[in-house]
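Coordinates in review
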Amino acid sequence: MADYKIKIRNSEQLSKRKSYQIVTTLHEGAVAMAGETVFQEKSFKALNTVIQEEFAAINQWIAARGGIVGHLKSFLATTGQTAMISTTGDQVICRLQPAAADGSNGVLVSIALIVFAIPPNDLEARLIDLFEQLEYAQKKGESHDR
């Protein structure tokens, strides 16, 4: 089966994407979807927690619909710290590592989902929901910092 990219320009979901971009690729029966954005630096811990909780929920959501998780993976990077969060359908693992100071003022969040037997639009809606939850967690953290 050929590898090709879907770019939805007129989707109802497009307006919900806000500052992040989602790219979907279909390859040999798998939906591979990736999204990326940057959040404020002080939200690293909250973002990490939300992603771990949501990956566990997405595992259950996929299983309940008869799908199969190939791999859910997220990379967070900020000045002095990185996190790699991943699951293949069972437990969610987080690996924290120190990182060199790069002078950035934010947290880069990259998320990739590789899933079988789930419609691409359903998976995209779930990824958009995850990004919205990350935005909410960041805003909630900002209000506690003031």
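Per chain, residue numbering runs from 1 following the sequence as it is written. With the structure being a predicted model, the display of local features is reserved for residues of pLDDT at least 70 and the display and counting of side-chain atom pairs for 80 or more, all residues being used for whole-chain, interface and lining totals. Derived side-chain values reflect all non-hydrogen atoms in the structure, with water molecules and hydrogen atoms excluded from consideration.

Take the overall build of the protein next. What the protein contains, in helices and strands, is two helices and seven strands. Secondary structure follows DSSP: runs of H or I at least 4 residues long count as helices, runs of E at least 2 residues long count as strands, and numbering of each begins at the N terminus. Counted from the first residue to the last, the protein has its helices and strands arranged as β-β-β-α-β-β-β-β-α. Whether two residues are in contact is decided by their heavy atoms, any of which lying within 4.5 Å being enough. Across the protein, the fraction of contacts at a sequence separation of at least 24, relative to all contacts at a separation of at least 6, is 65%. To be clear on the numbers: accessible area is Shrake-Rupley with a 1.4 Å probe, and residue cover counts the displayed protein chains and nothing else. Only carbon and sulfur atoms are counted for the fraction: they give 51% of the accessible area of the protein, which is about 8,200 Å².

Bringing a nonpolar patch on the surface into the picture now. In this analysis, a patch consists of residues with relative accessible area above 30% that form no salt bridge, clustered at 9 Å for like charges and at 5 Å for the nonpolar side chains Val, Leu, Ile, Met, Phe, Trp and Tyr. When a carboxyl oxygen of Asp or Glu is within 4 Å of a side-chain nitrogen of Lys or Arg, the pair counts as a salt bridge. Where nonpolar side chains cluster on the molecular surface, the patch consists of Ile 68, Ile 114 and Phe 116 and spans about 250 Å² of accessible area. Along the chain, the position of Phe 116 falls in strand 7 (residues 106-116). Look at Phe 116 and you get partly exposed, because its relative accessible area is 32%. Three labels apply to residues, based on accessible area from a 1.4 Å probe with only protein chains included: buried if under 20% of the type maximum, exposed if over 50%, partly exposed otherwise in between.

What follows concerns the pattern of salt bridges. This structure, assessed with the given rule, holds one salt bridge. In this structure, Glu 54 engages Arg 126 in a salt bridge whose closest nitrogen and oxygen atoms are separated by 3.4 Å. Taken together, the residues Glu 54 in helix 1 (residues 44-64) and Arg 126 in helix 2 (residues 120-145) connect sequence positions 72 residues apart. One exposure class covers both Glu 54 and Arg 126, and it is buried.

For Glu 28, which is not glycine, the phi dihedral falls at a positive 50°. Position of Glu 28 among the secondary structure elements: in the loop between strand 2 (21-27) and strand 3 (30-40). One non-glycine residue, Ala 117, lies in the positive phi region at around 65°. Considering the arrangement of structural elements, one finds Ala 117 in the loop between strand 7 and helix 2.

pLDDT expresses, on a scale from 0 to 100, how confident the predictor is about each individual residue. Confidence in the prediction for the protein averages 84 pLDDT; 80% of positions are at 70 or higher. Across residues 1-15, confidence stays below pLDDT 50; counting only partners more than four residues off in sequence or on other chains, it has 24 contacts.

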